[in-house]
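# Chain and residue survey
Next come the chains, spelled out residue by residue.
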Amino acid sequence: MKTQSSGIRYEYGGDEFIFVELSEEMSLDALFKGLVITQTLKKRGLTGIIDICSANASFMIRFDPDLIHPDELISELITIEKNIEGTDHIQINSRLIEVPVLFDDPWTKEALMRFRKNHQDPNATDLEYATRINGFKTKEEFINHFTSYPFIVSMLGFVPGLPFYFQLVDKEKQIEVPKYVTPRTFTPARAVGFGGAFGSIYPVDGAGGYQLLGIVAPEILDIKQRLPSFEDSMVFFRQNDIMQFRAINMEEYEEIRERVKRGTYQYKMTEISYSLKEIMEDYEGFANKVIRRLYND
Amino acid sequence: MIKVRKPGIETTVQDLGRIGYYSIGVPPSGAMDKYSYNIGNMLVGNVPNTASLEATYIGPELEFLDSTIISITGAECIPKINGQPVSMWQALAVKASDVLSFGLLKKGARIYIAVRGGIDVPIKMGSRSTYITCGIGGFEGRSLKKGDVLKVSNMVENKVKTEIEIPETLHLDFTDIHTIRTIPGLCNYRITRASHDNFFSTEWTVTPDANRMGYRFRGIKLDFVPREQPFGAGSDPSNVTDLGYPIGSIQIPAGIEPIALLNDAVTGGGYATIGTIISTDLNKMGQIKSNEKVKFQIVTLEQALIARKEIKEKLFRVSEFLKENVYTGV
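Structure report, in brief. Owing to the predicted nature of the structure, the values given are computational and were not obtained by experimental measurement.

### Comments concerning the overall build of chain A
- For chain A, the helix and strand inventory stands at eight helices and 13 strands.
- With 297 residues in all, chain A has 59% of them scored as buried.
- Contacts in chain A between residues far apart in sequence, at least 24 positions, make up 64% of those at least 6 positions apart.
- In the structure as shown, chain A presents an accessible area of about 12100 Å², 46% of it carried by carbon and sulfur atoms.
- Here chain A contributes 34 positive and 45 negative side-chain charges, whose respective centroids are spaced 3 Å apart.

### Some remarks on the interface of chain B and chain A
- Listed as interface residues are 56 residues of chain B and, on the opposing side, 55 residues of chain A.
- In this assembly, chain B and chain A are joined by seven salt bridges.
- A salt bridge links Asp15 of chain A to Arg308 of chain B, with the nearest nitrogen and oxygen atoms 3.2 Å apart.
- If you look at where chain B meets chain A, you find 27 residue pairs in polar contact (both at pLDDT 80 or more).
- Elements represented by at least two residues in the side of chain B that touches chain A include exactly strand 13 (177-184), strand 16 (239-244), strand 19 (268-271), strand 20 (273-277) and helix 4 (301-324) of chain B.
- For the side of chain B that touches chain A, the class distribution of residues is 32 nonpolar, 18 polar and six charged.

### A short note on the packing of aromatic side chains
- Within the structure shown, the criterion is met by 26 aromatic pairs over all chains.
- Seen in terms of ring centroids, Phe230 of chain A and Phe236 of chain A are 5.8 Å apart; in terms of plane orientation they differ by 50°. Their pairing is tilted. When sorted by exposure, Phe230 of chain A lands in the same class as Phe236 of chain A, which is buried.
- Their ring planes at 50° and their centres at 5.5 Å tell us that Phe199 of chain B and Trp204 of chain B sit as a pair that is tilted. Side by side, Phe199 of chain B and Trp204 of chain B carry an identical accessibility label, which is buried.
- Pairwise contacts between aromatic rings join Phe103, Phe136, Phe142, Phe146, Phe151, Tyr165, Phe194 and Phe245 of chain A into one cluster.
- Its end group placed over the ring of Phe236 of chain A, Arg95 of chain A keeps NZ or CZ at 4.8 Å from the ring centre.
- The ring of Tyr180 of chain A has Arg184 of chain A sitting right over it, with the charged end atom 4.6 Å from the ring centre.

### What to know about the sheet that holds strand 1 (residues 2-6) of chain B
Residues and elements named next belong to chain B.
- Ordered by their spatial adjacency, seven strands build an open sheet running 7-6-9-4-1-12-11, and the pairing between neighbours is antiparallel. This sheet does not close on itself; its edge strands, each paired only once, are strand 7 (84-85) and strand 11 (119-120).
- As paired strands, strand 11 and strand 12 (residues 149-152) are joined by two bridges and run antiparallel to one another. Note that in strand 12 the partner of Ile119 across the bridge is Val152.

What counts, and at which threshold
Residues numbered from 1 in each chain as written. Chains lettered and ligands numbered in written order. Predicted model: local features only at pLDDT ≥ 70, side-chain atom pairs only at ≥ 80, totals over all residues. Heavy atoms only, no water. Helix = DSSP H or I, 4+ residues; strand = E, 2+ residues; numbered from the N terminus. Buried < 20%, exposed > 50% of the residue type's maximum accessible area, 1.4 Å probe, protein only. Contact = heavy atoms within 4.5 Å. Areas by Shrake-Rupley, 256 points an atom, 1.4 Å probe, with all protein chains shown as cover. Lys, Arg positive; Asp, Glu negative; His and termini not counted. Charge placed at Lys NZ, Arg CZ, Asp CG, Glu CD. Salt bridge = Lys/Arg side-chain N within 4 Å of Asp/Glu carboxyl O. Polar contact = N/O pair within 3.5 Å; in protein donor to acceptor, adjacent residues only side chain to side chain. Nonpolar A, V, L, I, M, F, W, Y, C, P; charged D, E, K, R; others polar. Phe/Tyr/Trp six-rings, centres within 6.5 Å; stacked < 30°, edge-to-face > 60°. Lys NZ or Arg CZ within 6 Å of the ring centre and 35° of its normal. Pairing = 2+ DSSP bridges.

Function-wise, these values are silent; they only describe arrangement.
So this is what it looks like as structure tokens:
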């Protein structure tokens, strides 16, 4: 177990995993550093690497210790990390995706009302609670903030295809909410959650501890790969995708569900290229670029 | 083909697991006790990683529609063919219309039923294992039901001789208090020194929440080192910025009831983790029942690697024993 002078922690996760914490707090810098290190490692194509799992401010490698000793892997990672010359200018090419969401919907509301006992604010909904503790006056103001700045998919996991995403906005404007005191045993599929500084979408019904804000209309996981957006993978989102949420009403929600059922729904999306520097120097500018790329180009 | 007359509590198709999709949130699934699973396959002469049945707590009742060779390994139980007790840890010949059934388990939690040729279900992402949460793999993505008819594949590589039991020293060995070897780390810096020591000296009780996803333990409350929570983590002292969970890692939500994350577990989340169970002892975890006692023992990485070698060596001895016993005998 080694802690580098840079503050990065390298830890054994049993005999088959290395866990590397780049930062205890979330930052775009830590996210990008993790991306660069894991992508460099992937390119090296070392024998014995099974999984490279990049996360929000950390990453994890699964390996076969019969083929590569974890200490050898750690030295490799330290070398890669030392050779990174800043992450600011690295250009990321990914996808920009519009995500239609029905906020304050009846299904997540029904689910969250079942778990009011032990909730931080038993007399409000999760959306009302998130609105209040983040200093917004109305739910509409909260929703407006949520849909005004894009998010970056920072991690996949929990269950297959669940995206964790982080809003590209000044730190002072970041939404932050606690996770549930006691996790729910039920969350409807496609529910939009929020916990800490991260959003998520639950791909299937199941347990969950994030505050529930609404429901996404299209599928994000398609095991049988029937829908057009899932030809390459049963999982829709990828790390680095930029998400732009759009609030929809019940009528449009039902219309999208109908198209999903018929197998004709396709996400509105396009390609996008960006750098950390570009985002951090001008969040407003990046938000505008996203809107232009999505709706005008 | 094999007809399911009674499914037991949870009987699923499993192999060595779905490897290489962890980064998109797909857990490996696969046999919980791979030691017993591997020996089961070796006994019936299957190629490694052929699919078998894993039954939890209560064995299924199966009718064989063709004659074949099977083996029963894992939890100590009394398997019966047409009501007559038969031995575990050996290859058994069954005829068409024979019925396999099980009495109550004496020790352990999971039985492995291997069939010569393997259970034939479609391969999904490199594996035939069932992941029930998302309905991926196995027999229609779920545990078996009464009336299901399973096809048998032909993934055979060795001849076998029936009625020869492998030596008892190579069976599973069960203890009353399970000692689970663990490498501390990950986010254990969040737990106070005293609580950290207490975690490893406490005798934990497995709660009824113990399944393929994970095992929850009741014991003491653990305290966290006070801090101002970092941005993004969430406000509970047990919260960390969401990260990946290694298979076998132990998370401590709110400092109470630690959860060991196993084959079908969530692959990431935002709770501090105190350490990781070594890969060989995950087999042992898979044979622990609710209400049994567990102690976590600190080991080093080198000790974990030695344990890996030991279990490989044991499996090698089984294969050598079976080789010697194929053509000899009566």
